Amino acid sequence: MVNPLFDVLFKPHLGSAAPFLFLPDGGRLSYGEFLTRAGRFAAAIREMGLKPDDRLAVQIDKSPDALAVYAACVMTGVIFLPLNTAYAPAEVSYFLSDSGASLFLCDPSGRDALEAVAEAAGARIETLGIKGDGSFCTFADPLAPQLSATARSADDLAAFLYTSGTTGRSKGAMLSQANLLSNARTLTAHWGFTKSDVLLHALPIFHTHGLFVATNVTLIAGSAMMFMGKFDVDQMVAQMTRCTTMMGVPTFYTRLLDHPVFDADLTAHMRLFISGSAPMRKDTHDQFEARTGHRVLERYGMTETNMNTSNPLDGLRKTGTVGLPLPEVEVKITDLETGEIVDAGEIGVIEVRGPNVFKGYWNMPEKTAQELRPDGFFITGDLAQQDADGYITIVGRGKDLIISGGFNIYPKELEMILDDQPGVLESAVVSVPHADMGEAALAVLVRDGDGPDMDAIRFMMRNDVARFKHPRDYIIVDALPRNTMGKVQKNAMRDSYRDWFVDGSGTAKPKPLVLK
Ligand code: MCA
Ligand code: AMP
């Protein structure tokens, strides 16, 4: 029975005693053990009545079992839908109902808060903890592992990953088996991963970076991961000598550089450091190279496309660029208005086409048509220029998006919530530099009458909105700066507030708004 993703990622490892996951507490899991667990979960998924193309949503902490659910979905042809563990129940509610998930797995501690949400969305709820606990495990444990995969074609869907939009509504990016497989093969070869590698893995596994880039590359190479529950700088330093490669967002690198024992000796045996998900500052690149002798390899991708460009493994890694288009990925830089390719060196929007590009947004044909051209090019919304050697430099975003510590915050989503609060006439959420997270959200609220009750706003945020999206500070003003067309001048606001979090502590540094 053919199932391309299973056949390449998992089947070759059935019964293998080779290490797959090293755990920071000294534990380890072989490929064979991992797949036996996944096979049990596959049996449970089938026994619960899920069929290929049904959606299985998870909001569970990172663990080998959490990863085994992904493998079980590939085996059963069920579409895997991982959710950020920081999402509040109100946010989860949207994802479950929009996707029409049949089964929802959450942490045992979250069941009480999420039961009604799952019921309202028509999803069965079960729990999965990080220690082999939870009702899903209780159900799966007595079952015999089913290690044969349901037949799938390369075009069948493997995962939905939700990504927010500038209109404030999250969109489910539909990723096919071929999307994931093509990119994983390309990256494994491009970055030279082999059986001998051990990847220091501290990324969450509910996003493309930690799930598909890191995990699928490891599976294809047959290498191992040092699988950390979350990023903890002391643990990173403690485990680094057992690893050969690391993938991270820029915040990982700045935090490592702040660590007193992080130096050339500690990284001497490492062969590769990769960064992405957000721009890495030039001074971070420079400091990293000066301290360790390693030049970080920066690459660029998106949820909708997996990875598009990368600096080379061998050859010139140009700091400040995201490298060259990956094999099989076509990249062009076009005029935002006309869609025509711009002259070399000119700024335009990045468009990409290739087997990595997603199938569209779930149930959103209009949104899909706006961003995915009929000829297959996807309009990323990232502004860039390409130099004479073909290297691409991202210079800004044509989309209103804040990337904080590698997580996306959509100002529109927050503005819609804030605009509805008593005492707020309107609001604007802007990105300001943040020493630790790269960028942070700052909310500017226009006073209505006596103005908002900030305690009430903070309380509402805590209950309804994932913590990472929270504005790090709020400013109350009488009016927003607008141009003659009435459009809010976010660029002017970003300039005025750019020193607001100068030391990254999140402490407001008052500075008058100077309109330009
Ligand atoms: C945690 N907090 C955050 C963030 N993370 N706030 C803003 N932005 C964040 N990214 C909140 C916490 O809830 C906490 O709130 C407070 O900030 C400080 O937490 P701290 O302990 O310092 O944070 P942390 O737990 O150490 O997390 C920081 C982190 C983490 C390690 C940078 O955010 C992370 O793992 N980021 C990686 C994201 C990622 O994988 N992105 C890939 C997307 P309180 O103080 O109230 O408790 S995929 C993608 O973008 C594309 C495809 C690509 O190219 O890869
Ligand atoms: P996501 O929606 O989470 O997939 O985030 C994708 C976005 O992250 C891209 O559209 C870029 O704006 C940004 N991104 C990813 N990698 C890089 C990078 N190396 N440099 C700059 N921006 C990046």
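Now for a description of the structure that goes with this document. Computed from a prediction, not measured in an experiment: that's the story for all the values here.

Thresholds applied
- Residues numbered from 1 in each chain as written.
- Chains lettered and ligands numbered in written order.
- Predicted model: local features only at pLDDT ≥ 70, side-chain atom pairs only at ≥ 80, totals over all residues.
- Heavy atoms only, no water.
- Core = buried A, V, L, I, M, F, W, Y, C linked by side-chain atoms within 4.5 Å.
- Buried < 20%, exposed > 50% of the residue type's maximum accessible area, 1.4 Å probe, protein only.
- Helix = DSSP H or I, 4+ residues; strand = E, 2+ residues; numbered from the N terminus.
- Contact = heavy atoms within 4.5 Å.
- Near = heavy atom within 4 Å.
- Polar contact = N/O pair within 3.5 Å; in protein donor to acceptor, adjacent residues only side chain to side chain.
- Areas by Shrake-Rupley, 256 points an atom, 1.4 Å probe, with all protein chains shown as cover.
- Pairing = 2+ DSSP bridges.
- Axes fitted to C-alpha atoms, helices over the stretch in contact; angles between N-to-C directions.
- Parallel < 35°, antiparallel > 145°, perpendicular 65-115°, else oblique.
- Left-handed = near helix turned anticlockwise from the far one by under 90°.
- Nonpolar A, V, L, I, M, F, W, Y, C, P; charged D, E, K, R; others polar.

### Topic: the nonpolar core
Grouped together as the largest cluster of nonpolar side chains are 109 residues, with contacts concentrated most on Phe 10, Leu 56, Leu 67, Val 69, Tyr 70 and Met 246. Examining the composition of this core, we find that 10 residues originate from one element, helix H3 (residues 64–76), more than from any other. Among residues more than four places away in sequence, those in contact with Tyr 70 are Leu 9, Phe 10, Phe 80, Leu 180, Leu 211, Phe 212 and Asn 216. Ranked by size, the runner-up nonpolar core spans 41 residues in total, among them Leu 83, Ala 123, Met 174 and Ile 457.

### Structural notes on the site of ligand 2
Near ligand 2 lie 17 residues; those nearest to it are Arg 299, Thr 303, Asp 382, Lys 399 and Asn 408. The separation between a nitrogen atom of ligand 2 and a polar main-chain atom of Ser 277 is 3.1 Å. In this structure, an oxygen atom belonging to ligand 2 sits 2.6 Å away from a side-chain N or O atom of Asp 382. For ligand 2, whose accessible area on its own is 500 Å², the fraction buried by protein is 93%. Among the elements that make up the shell around ligand 2, the one with the highest residue count is strand S13 (residues 297–302) (five residues).

### A few points about the site of ligand 1
Around ligand 1, a shell composed of 25 residues is seen, among which Arg 255, Ser 277, Arg 299, Ser 404 and Arg 467 lie nearest. In this structure, Arg 299 approaches ligand 1 through a side-chain N or O atom, which is 2.7 Å from an oxygen atom. A distance of 3.4 Å is found between an oxygen atom of ligand 1 and a backbone nitrogen or oxygen belonging to Gly 301.

### As for the sheet that holds strand S10 (residues 224–227)
Taken in spatial order, the nine strands of this open sheet run S2-S1-S10-S9-S11-S12-S13-S14-S15, and their pairing is mixed. Either end of the sheet is taken by a strand with one partner, and the two such strands are strand S2 (28–30) and strand S15 (324–325). Sheet topology note: the strand S14 (residues 306–310)/S15 ladder contains two bridges and is antiparallel. The residue bridging Ser 310 from the neighbouring strand is Leu 324, located in S15. Lying over the sheet, helix H2 (residues 31–47) contacts strand S1 (19–22) and S2, oriented at roughly 80 degrees with respect to S2.

### Remarks on the packing of helix H10 (residues 250–257) against helix H11 (residues 282–292)
The geometry of H10 relative to H11 is characterised by a closest axis approach of 10 Å and an angle of 45 degrees between their N-to-C directions. In terms of orientation, H10 and H11 fall into the oblique class. In this structure, the crossing between H10 and H11 has a hand that is left-handed. Where H10 approaches H11, its residues Tyr 253, Thr 254, Leu 256 and Leu 257 are matched on the opposing element by Thr 284, Gln 287, Phe 288 and Arg 291. Residue composition of the contact of H10 with H11, grouped by class: four nonpolar, three polar and one charged.

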